[in-house]
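Observations on the model geometry
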Amino acid sequence: MKVVVDMNKCQDHGQCVFAAPDVFSLDDGGRLAYVPDPDDALRDEVEEAADVCPLQAIRIEG
Amino acid sequence: MTGRVLVAGASMGGLRAAEQLRAAGWTGAVTVVGDEPHMPYNRPPLSKEVLAGKAPFESLAFTPKAAAADVEWRLGTKAVGARLDERTVTLDDGSTLAYDGLVVATGMSPRRLRCPGPLTGRHTVRTLADARGLREALTRPGVRVVVVGAGFIGCEVAATAVGLGVREVTVVDPLPLPLVGPLGELLGRALLRRHEERGVRFALGTGVAAFAGEDRVTGVVLADGRVLAADVVVESVGSVANVAWLEGNGLDLSDGVLTDESLRAGGRPDVVAVGDVARFPNARYDGVPRRVEHWSIPADTARHAAKALVAHLLGRDREPAPFAPLPTFWSDQHDFRLQSFGAPLLGLGDIRVLDGDPDGDVVVGYHGADRLLGVVALGGPAAAAGAARYRAQLLQQPALTV
């Protein structure tokens, strides 16, 4: 599974961090950081993160 | 597996319902009916980025999950009647669809003002077509806009209009402060000051009596006798549930579709409601059924409702899990954001500043029943991050019911 976040769309709402804390985080400056190739076992929570992104900025490939 | 689940409504709730039916194991047909010509799209940008001309439609459209690729979309048509005992729905093109399971996801329509005066020049913001029409009106040189209603949509539209360079932007509301209904006085005062500092004018404590003009609006006549000149009027005075098509089936449709804790309507295991049209009990709070018009609710209700519906259709036993979503919403206005978790509306009687200062970044807590019921942050990213810390506290509290 590959995760791609469109950082031009991202507005740092952090909803993905709540949904998938193993994959998404906010750094000290409040900007999003994420694991681009998370384990497939995390698919459910990554899909949840993509669903709850207010900007629909998260894409899952594979 | 044979049979069909019919999803009435092709907005976010309808899309999530279709996807969650597949996730819950339904492999039969899924048909989604929606009156707009578009595939489901994200509505929050309509009053902000779309109005500002910064978001093309492609950036709003949801990308349906691969598992929902075989869903049948019937767009540009809508449900106009239903016979739930016979499991059929009638569409406005005269056709009748039979179903095994029905998902009600028909959402809301903007409430309109019933005042004397012309209709031309009056706008609402619910659909993409609405937002495009309003943008065209607001970008004509020299227009004066009056926004009726100082709620979330009204405040967002006013802020976007100022950002577009609109010459005069005035917000009218019978209440004394913007957003005082959902957020209370403390944040209402802070919001009033921030909007005024950025060029929005307010006419508060008075309603609209009439619209001036012959063929099109030239002004707004207030209940206190003042007249505000206006070339464009935006009506943002709440919304009404799209439930008329369900009448005659014995459902409680007095404010949306009343459901049980599994989102089932009228005790029927084959009919569920999702999104802001559903009036459901939330076990996290007092169990009183309410509609919730927050962005997080379509996905939450769709997941829960799809599980219940598919379990019934497949004859499966189901672990009855209480439905207890944590509502969340945000609102971007000018250069600041409101970020909310929980149910501030239930804690308006005891509002306290938790962090910061209403003049800068602030996190406000809403209390009741000896507990924190909701938090709202106002300001920049630091405020939103502050609210997120209290989100964990809200989630950890035991439910008030169950």
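Here is a short report on the structure shown in this document. Model, not experiment: these values are computed from the prediction.

**Side note on the overall build of chain A**
A count of helical and extended segments in chain A gives two helices and four strands. In sequence order, chain A lays out its α and β elements as β-α-β-β-α-β. What you see for chain A is a C-alpha radius of gyration of 10 Å, in line with the 11 Å of a compact globule of 62 residues. For chain A, the C-alpha atoms occupy an extent of roughly 30 × 20 × 15 Å along the three principal directions. Buried residues in chain A amount to 45% of all 62 residues. Partitioning the contacts of chain A with sequence separation of at least 6, the portion at a separation of at least 24 is 59%. For chain A, the accessible surface area stands at approximately 3,100 Å², while carbon and sulfur atoms represent 46% of it. The average position of the 5 basic charges and that of the 14 acidic charges among the side chains of chain A differ by 9 Å.

**Some points on the pattern of salt bridges**
All names here are of chain B. Applying the stated rule across the entire model yields 34 salt bridges over all chains. The partner of Asp270 in a salt bridge is Arg87, with the nearest N and O atoms 3.8 Å apart. Taken together, the positions of Asp270 in the loop between strand S18 (257–258) and strand S19 (271–273) and Arg87 in the loop between strand S4 (79–83) and strand S5 (88–91) put the pair 183 residues apart, joining distant regions of the chain. The class for Asp270 is buried, based on a relative accessible area of 8%. Arg87 sits in the partly exposed class, given a relative accessible area of 36%. Across the pair Asp224 and Arg226 runs a salt bridge, and its minimum N-O distance is 2.9 Å. Judged by its relative accessible area of 43%, Asp224 is partly exposed. Looking at Arg226, the relative accessible area reads 40%, which means it is partly exposed.

**Brief notes about the environment of Lys2 of chain A**
Residue and element names in this part refer to chain A. If you trace the backbone, Lys2 turns up in strand S1 (residues 2–5). For the pair Lys2 and Arg59, spaced 57 residues apart in sequence, the C-alpha to C-alpha distance is 8.3 Å. Setting aside anything within four residues of it in sequence, one finds Lys2 in contact with Pro36, Arg59, Ile60 and Glu61.

**Comments concerning the interface of chain A and chain B**
Each partner contributes residues to the interface: chain A has 14 residues there, and chain B has 18 residues. Summing both partners gives a buried area of about 1,400 Å² for chain A against chain B, and 45% of it is carried by carbon and sulfur. Between chain A and chain B we count three salt bridges in total. The interface formed by chain A and chain B holds six residue pairs in polar contact (both at pLDDT 80 or more) in total. Counting residues per element, the ones that place at least two in the side of chain A that touches chain B are helix H1 (15–19) and helix H2 (43–52) of chain A. Here the side of chain A that touches chain B takes four residues from H2 of chain A, the largest share from any one element.

Cut-off values and rules
Residues numbered from 1 in each chain as written. Chains lettered and ligands numbered in written order. Predicted model: local features only at pLDDT ≥ 70, side-chain atom pairs only at ≥ 80, totals over all residues. Heavy atoms only, no water. Helix = DSSP H or I, 4+ residues; strand = E, 2+ residues; numbered from the N terminus. Rg over C-alpha atoms; globule rule 2.2 N^0.38 Å. Buried < 20%, exposed > 50% of the residue type's maximum accessible area, 1.4 Å probe, protein only. Contact = heavy atoms within 4.5 Å. Areas by Shrake-Rupley, 256 points an atom, 1.4 Å probe, with all protein chains shown as cover. Lys, Arg positive; Asp, Glu negative; His and termini not counted. Charge placed at Lys NZ, Arg CZ, Asp CG, Glu CD. Salt bridge = Lys/Arg side-chain N within 4 Å of Asp/Glu carboxyl O. Buried area = accessible area lost by both parts, 1.4 Å probe. Polar contact = N/O pair within 3.5 Å; in protein donor to acceptor, adjacent residues only side chain to side chain.

Such coordinate-based values are descriptive only and should not be taken to indicate function.
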